[in-house]
Amino acid sequence: MKKKFKPSVMLNPVPVVLVTSKNKKGEENVFTVAWIGTVCTKPPMLSISIRPERLSYEYIEESMEFTVNLPSKNLVKELDYCGVRSGRKEDKIKKMGFHLRKGEAVSSSYIDECPIALECKVTQIIPLGTHHLFLAEVLSCFVEDSLIDKENKIHFEQANLITYSHGEYFPSMKKSIGNFGFSVRRKKRKNTCILHKKGIK
């Protein structure tokens, strides 16, 4: 049995990130975004949804750039704070003690305390209702050295990233339960050596 609810976007859990942006005056802001998603591979693109009344909306609309910072679980309090407090009333970057590093492909900085950062250029803004959708191309990525192995593989599972589900924050899993294509992948046959002994076929 299932209980019927009113229409709602019940996509849970979702990644939750810190988005930094800078206006033309050089003022920077950070806010929390859980409505973020991948939209294209080539070119690499993602989307974020923002309410027009948010300060970051003004900054991003003006510069057409922003940076997505993926926080680890030790930043959960900072993550929550940046989602409930307004940058119009206080400098959240200073309040949280974030150290910013100058962006390379965009004007906005990225947060040094976050293990992963994606620099993005807005290509389109689509008004939807309570939120407007910002489509953006990912111009460059920064990944903490400790997450990259000798084969240059990125181990996101070691970054202790955070997910958001119906008003709550959860740590990401450390161990996978499968990988892409495993359900149709042929199993490798084990090499067997059959010894023919007298009386045995």
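These remarks concern the structure in this document. Model, not experiment: these values are computed from the prediction.

Brief notes about the overall build of the protein
Link 1 in the chain: When its secondary structure is counted, the protein shows three helices and twelve strands.
Link 2 in the chain: Rg of the C-alpha trace for the protein: 22 Å, well past the compact-globule value of 17 Å for 201 residues, more than 25% over.
Link 3 in the chain: The proportion of buried residues among the 201 residues of the protein is 36%.
Link 4 in the chain: Look at the contacts in the protein between residues 6 or more apart in sequence, and 60% of them connect residues 24 or more apart.
Link 5 in the chain: Of the roughly 14,500 Å² that the protein leaves accessible, carbon and sulfur atoms contribute 54%.
Link 6 in the chain: Taking the 34 positively charged and 22 negatively charged side chains of the protein as two groups, their mean positions are separated by 16 Å.

Things to note about helix 1 (residues 55–63)
Link 1 in the chain: Where helix 1 is concerned, the buried positions are L55, S56, Y57, Y59, I60 and S63.
Link 2 in the chain: Against strand 2 (17–22), strand 3 (28–33), strand 5 (45–50), strand 6 (65–70), strand 9 (116–127) and strand 10 (132–143) lie the buried residues of helix 1.
Link 3 in the chain: Just downstream of helix 1 lies M64, where phi reads positive at about 60 degrees.

Definitions and cut-offs
- Residues numbered from 1 in each chain as written.
- Predicted model: local features only at pLDDT ≥ 70, side-chain atom pairs only at ≥ 80, totals over all residues.
- Heavy atoms only, no water.
- Helix = DSSP H or I, 4+ residues; strand = E, 2+ residues; numbered from the N terminus.
- Rg over C-alpha atoms; globule rule 2.2 N^0.38 Å.
- Buried < 20%, exposed > 50% of the residue type's maximum accessible area, 1.4 Å probe, protein only.
- Contact = heavy atoms within 4.5 Å.
- Areas by Shrake-Rupley, 256 points an atom, 1.4 Å probe, with all protein chains shown as cover.
- Lys, Arg positive; Asp, Glu negative; His and termini not counted.
- Charge placed at Lys NZ, Arg CZ, Asp CG, Glu CD.

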